[in-house]
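Take a look at the letters that make up each chain.
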Amino acid sequence: MELRQLEYFVAVAEEQNFTRAAERVHISQSGVSAQIRQLERELGAELFDRSGRTATLTVAGKAALEHARTALAAAGAVAQAVGEVTDLIRGRLTVGMVVGCTVTPLFDALAAFHRAHPGVEIALLEDNSDRLVQAVRTGAVDLALVGTAATAPDGLEALTIVSERLVAAVPPEHPLAGADRVALRDLGGHPVICMPPGTGLRTVFDRACAAQGLHPAIALEAGASDAMADLAARGLGVAVLSASMAESYRDRLVARTIADVEIPALLSLVWRDARGPAVRELLLHCRRAFAAPPRGGGAAEGGAGA
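The written sequence of each chain sets the order in which its residues are numbered from 1. The predicted origin of the model limits local features to residues at a pLDDT of at least 70 and limits the giving and counting of side-chain atom pairs to 80 or more, whereas totals for whole chains, interfaces and linings rest on all residues. Only hydrogens and water are set aside when side-chain values are computed; all heavy atoms of the structure are taken into account.

**Some thoughts on the sheet that holds strand S5 (residues 143-148)**
Stated formally: We treat two strands as partners when DSSP finds at least two bridges between them. Going along the chain from the N terminus, every DSSP run of H or I of four or more residues is numbered as a helix, and every run of E of two or more is numbered as a strand. Axes, fitted as lines to C-alpha atoms, cover a helix only where it is in contact. Angles between the N-to-C directions of the axes lie from 0 to 180 degrees.
The sheet built from five strands is open, its strands ordered S4-S3-S5-S12-S6 with mixed pairing. Each edge of the sheet is formed by a strand with only one pairing partner; in this case those strands are strand S4 (121-127) and strand S6 (157-164). The sheet shows a mean angle of 20° between the axes of neighbouring strands, taken without regard to direction. Note: strand S3 (residues 92-98) against S4, seven bridges, orientation parallel. Paired with Thr 94 across the strands is Ala 123, a residue of S4.

**Let's talk about the pairing of strand S9 (residues 218-221)**
Every other side chain in a regular strand lies on the same face of the sheet, so the side chains alternate between the two faces. Stated precisely, the cut-off is as follows: Crossovers are marked right-handed if the path from the first strand over the helix to the second runs clockwise, as seen with the strands pointing away from the viewer.
Relative to S9, strand S8 (residues 192-194) runs parallel, the two sharing three bridges. Bridge pairing links Val 192 to Ile 218 in S9. What joins S8 to S9 is helix H7 (residues 200-211), and the crossover it makes is right-handed.

**Description of unusual backbone geometry**
Cut-off, in case you're wondering: Exposure categories follow from relative accessible area, calculated using a 1.4 Å probe and restricted to protein chains: below 20% of the type maximum is buried, above 50% is exposed, and the middle band is partly exposed.
Of note, Gln 16 is a non-glycine position whose phi angle comes to about 55°, a positive value. A relative accessible area of 38% means that Gln 16 is categorised as partly exposed. Phi is positive for His 26, close to 65°, though the residue is something other than glycine. Counting through the fold element by element, His 26 comes out in the loop between helix H2 (18-25) and helix H3 (29-43).

**Focus on the environment of Asp 108**
With respect to the helices and strands, the residue Asp 108 is situated in helix H5 (residues 104-116). Given a relative accessible area of 27%, Asp 108 falls into the partly exposed group. In sequence terms Asp 108 and Cys 286 are 178 residues apart; their C-alpha atoms lie 8.1 Å from each other.

**Examining the packing of helix H1 (residues 3-15) against H2**
How two helices sit against one another is set out by the angle between their axes and by the gap between those axes. The criterion, for reference: For classification purposes, an angle smaller than 35 degrees is called roughly parallel, one larger than 145 roughly antiparallel, one from 65 to 115 roughly perpendicular, and anything else oblique. Take the far helix as the reference: if the near one is turned anticlockwise from it by less than a right angle, the crossing is left-handed, and if turned clockwise, right-handed. Note on contacts: a residue pair qualifies if any of its non-hydrogen atoms lie within 4.5 Å across the two residues. Ten residue types, Ala, Val, Leu, Ile, Met, Phe, Trp, Tyr, Cys and Pro, are classed as nonpolar, four, Asp, Glu, Lys and Arg, as charged, and the remainder, Gly among them, as polar.
H2 packs onto H1 with a crossing angle of 130° between their chain directions and a minimal axis gap of 8 Å. Judged by the angle between their axes, H1 and H2 are oblique. When you trace H1 past H2, the crossing you get is right-handed. Residues Glu 7, Tyr 8, Val 10, Ala 11, Val 12, Glu 14 and Glu 15 of H1 lie in contact with H2, whose contacting residues are Phe 18, Arg 20, Ala 21, Arg 24 and Val 25. Each residue belonging to the contact of H1 with H2 can be placed in one class, and the counts come to seven nonpolar, no polar and five charged.

**Focus: the pattern of salt bridges**
As a reminder of what qualifies: We define a salt bridge as a side-chain nitrogen of Lys or Arg found within 4 Å of a carboxyl oxygen belonging to Asp or Glu.
Counted according to the given criterion, the structure contains 15 salt bridges. In this structure, Arg 20 and Glu 15 form a salt bridge, with 3.7 Å as the shortest nitrogen-oxygen distance. On the accessibility criterion, Arg 20 (41% relative accessible area) is partly exposed. Classification of Glu 15 as partly exposed rests on a relative accessible area of 22%. In this structure, Glu 121 and Arg 92 form a salt bridge, with 2.6 Å as the shortest nitrogen-oxygen distance. Here Glu 121, found in strand S4, pairs with Arg 92, found in strand S3; they are 29 residues apart in sequence, far enough to count as distant. The class for Arg 92 is partly exposed, based on a relative accessible area of 47%. Members of the salt-bridge network, linked through shared partners, are Glu 14, Glu 15, Arg 20, Arg 24, Glu 66 and Arg 69.

**Description of the pairing of strand S12 (residues 265-271)**
By the criterion of burial, S12 is predominantly enclosed, with seven of the seven residues buried. Neither face of S12 is exposed, since Ala 265, Leu 267, Leu 269 and Trp 271 on one face and Leu 266, Ser 268 and Val 270 on the opposite face are all buried. Bridge count between S5 and S12: six bridges; the pairing is antiparallel. Looking across to S12, one finds that Leu 145 is bridged to Leu 269.

Structure below.
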């Protein structure tokens, strides 16, 4: 008994006609008839009553039909599973990462994924968060680590990695360094150093300012927290960073939480769907890596919100 014989049997049963069944399975009518005759000989019973104008199932045929369908479905499932593994082994995965954010667990996840599936070509793309989110939406990027101001960007799924408050980072001699409480309005009297538009941290900052009708002067923009910290340390302005970003520069900057900015800066993995085997596998490795205790530092050295 062969799968193709079962396929022809189901086709004739559903079409109730050998000619139409032959057209459906793309072989000659004589070929269908010969295969079904061979199947009947193997089973020891006729499956169709051929005496009328239509091919109708016999009692034996009715008993066999659902089993034949089940067998074909099982064979299809085997083919799909093998196909997914084949696609994974030979596939390509494009991963996005926000500029200026060193995230050790993501690198750990990529390394573990590469060890498990060495045949998958991995491409890593750095960009700002807005452009990466759009690239995920269009399918140009499979999965990206981005800074956001929302739990999940519209139309995408997300896994939040870091959620933290914005801080004002200044050198120890700055007037804000000795303040007990820093509010968003307090930044108005100072030049502000912030990330450029399109980054998650800037989106959080702009939304908070708009909610209070404030228009602080953005004196300097930099896409990397190191550059922002260097500028602030030289007295060129107040750096607006996330809490974990500022923690890296505590040897030269004092960080004060901006008390009235309650919207957190988020660092999240985002993807459009996880139906592809490569994306599913990488997500599993990412969940494990980010759930593991940090080694020698926080989960995201670059911080949230970039």
